[in-house]
Amino acid sequence: KAGVTQTPRYLIKTRGQQVTLSCSPISGHRSVSWYQQTPGQGLQFLFEYFSETQRNKGNFPGRFSGRQFSNSRSEMNVSTLELGDSALYLCASSLVGQGTGELFFGEGSRLTVL
Amino acid sequence: GENVEQHPSTLSVQEGDSAVIKCTYSDSASNYFPWYKQELGKGPQLIIDIRSNVGEKKDQRIAVTLNKTAKHFSLHITETQPEDSAVYFCAASRGTGFQKLVFGTGTRLLVSP
């Protein structure tokens, strides 16, 4: 069974640009969450999508947005990039309503903003 | 908002020793407490979790204890092996939103042969 796939794995952008990251969840998983990981702030929740609807949102500015498609694949977008947006962006999928809370993480997309 | 504190930030042990990592949470409504292991270049992976209606849970060499009154929970690894070396994160969430986890700051565990 394939795991969570994130693309691209690495990317470099400059300040002011925008970026789109993609996540393909494990087959059958309908919930997709996004986390930002940095050395200073650790792992922080960005948002969660289920059945194409955002169910939860973390404390990030509106420059961070996401969406989920009918096949459960998800994308997140960061506009007007700032140096502080440099981070590892992790996507996680999970089965909802199965009595388990386990998140299955991808290997992440490492974003560097210059 | 919810906050999870984790200690220590680094932990070095000899192979075969036990390792203990402790976390404290602030939101009394939290009722799900997972532990994740992150190896270099990989995403975090769940190693064990516990719900608030349980005080202790074991899985082979790994155990987690929960003290709801004190709002703290701990990870215990016995008979450590070099492959246990990684960064460990505790987390907490409210029951209705398992996917919204608040993570601790992580513990880098180094197991020396």
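Residues numbered from 1 in each chain as written. Chains lettered and ligands numbered in written order. Predicted model: local features only at pLDDT ≥ 70, side-chain atom pairs only at ≥ 80, totals over all residues. Heavy atoms only, no water.

**Student:** Looking at this structure, I do not really get the nonpolar core. What am I missing?
**Tutor:** Side chains that are nonpolar tend, in soluble globular proteins, to be buried together. Counting 24 residues, the largest nonpolar core has W35, F73, L75, Y88 and L109 of chain B as the members making the most contacts within it. The set of elements that each furnish at least two residues to this core consists of β2 (10-14), β3 (19-25), β4 (30-38), β5 (45-51), β7 (62-67), β8 (72-77), β9 (86-94) and β11 (107-112) of chain B. In contact with F73 of chain B, other than residues within four places in its own chain, are I21, K22, C23, Y25, F33, W35, T65, L66, C90 and A91 of chain B. Listed in part, the 21 residues of the second largest apolar core include V4, L46, F47 and V78 of chain A. (Core = buried A, V, L, I, M, F, W, Y, C linked by side-chain atoms within 4.5 Å. Buried < 20%, exposed > 50% of the residue type's maximum accessible area, 1.4 Å probe, protein only. Helix = DSSP H or I, 4+ residues; strand = E, 2+ residues; numbered from the N terminus. Contact = heavy atoms within 4.5 Å.)

**Student:** Would you explain the state of the cysteines in this entry?
**Tutor:** Working definition: the covalent bond between the sulfur atoms of two cysteines is a disulfide. Residue and element names in this part refer to chain A. Tallying each qualifying case throughout the model produces two disulfides over all chains. One disulfide in the model links C23 with C91; its S-S distance is 1.8 Å. Disulfide C23-C91: torsion about the S-S bond near -60°, hence left-handed. You can see C23 sitting in strand β3 (residues 19-24) and its partner C91 sitting in strand β9 (residues 87-94), a full 68 residues away along the chain. The pair C23 / C91 is uniform in exposure class, with both members buried. (Disulfide = S-S within 2.5 Å.)

**Student:** Just checking my understanding: could you explain the pattern of salt bridges for this structure?
**Tutor:** Note on pairing: side chains with opposite charge can pair once their charged atoms come close. Here the structure, examined in full by the defined rule, presents 11 salt bridges over all chains. Between K37 of chain B and E39 of chain B there is a salt bridge; the shortest N-O distance is 3.5 Å. Residues joined by salt bridges that share partners form a network here, namely R63, E82 and D85 of chain A. (Salt bridge = Lys/Arg side-chain N within 4 Å of Asp/Glu carboxyl O.)

**Student:** Please clarify how the sheet that holds β3 of chain A should be interpreted in this entry.
**Tutor:** The strands that make up a sheet pair up through hydrogen bonds in the backbone, lying either parallel or antiparallel. All names here are of chain A. Strands sit in the order β1-β3-β8-β7 across an open sheet of four strands; the sheet is antiparallel. Both edges of this open sheet fall to β1 (5-7) and β7 (64-68), since each of them pairs with a single strand only. For this sheet, the mean angle separating the axes of adjacent strands, direction not counted, is 15°. As paired strands, β3 and strand β8 (residues 74-78) are joined by five bridges and run antiparallel to one another. Its bridge partner lying in β8, T20 is registered against N77. (Pairing = 2+ DSSP bridges. Axes fitted to C-alpha atoms, helices over the stretch in contact; angles between N-to-C directions.)

**Student:** Looking at this model, I keep getting lost on the side chain of S31 of chain A. Mind explaining?
**Tutor:** With respect to the secondary-structure elements, S31 of chain A resides in strand β4 (residues 31-38). Apart from the residues within four sequence positions on either side, S31 of chain A is in contact with E48, Y49, F50, A92, S93, S94 and V96 of chain A together with Q99 of chain B.

**Student:** Would you explain the sheet that holds β3 of chain B in this entry?
**Tutor:** Residues and elements named next belong to chain B. With respect to topology, five strands assemble into an open sheet ordered β1-β3-β8-β7-β6, the strand pairing being antiparallel. Because the sheet does not close on itself, it has two edges, and the strands there are β1 (4-7) and β6 (56-59). Direction aside, the axes of adjacent strands within the sheet are offset by 15° on average. Two elements, β6 and β7, share four bridges in a ladder whose sense is antiparallel. Paired with K58 across the bridge in β7 is A63.

**Student:** What should I look at first to understand unusual backbone geometry in this one?
**Tutor:** Excluding glycine, residues mostly carry a negative phi; peptide bonds, for their part, are mostly trans. With omega at -10°, the peptide bond leading from T7 of chain A into P8 of chain A counts as cis. Topologically, P8 of chain A is positioned in the loop between β1 and β2 (10-13). In the segment running from H7 of chain B into P8 of chain B, the intervening peptide bond is cis, with an omega of -5°. Counting through the fold element by element, P8 of chain B comes out in the loop between β1 and β2. Located in the positive-phi region is T80 of chain A, a residue other than glycine, with phi close to 45°. Along the polypeptide, T80 of chain A turns up in the loop between β8 and β9. At K71 of chain B, a residue that is not glycine, the phi angle is positive and equals roughly 55°.

**Student:** Whenever I open this one, the pairing of β2 of chain B confuses me. Can you help?
**Tutor:** Residues and elements named next belong to chain B. Burial along β2 is one-sided: the face carrying L11 and V13 is buried and the face carrying T10, S12 and Q14 is not. The pairing of β2 with β11 spans five bridges and is parallel. From the neighbouring strand, S12 faces β11, where its bridge partner is L110.

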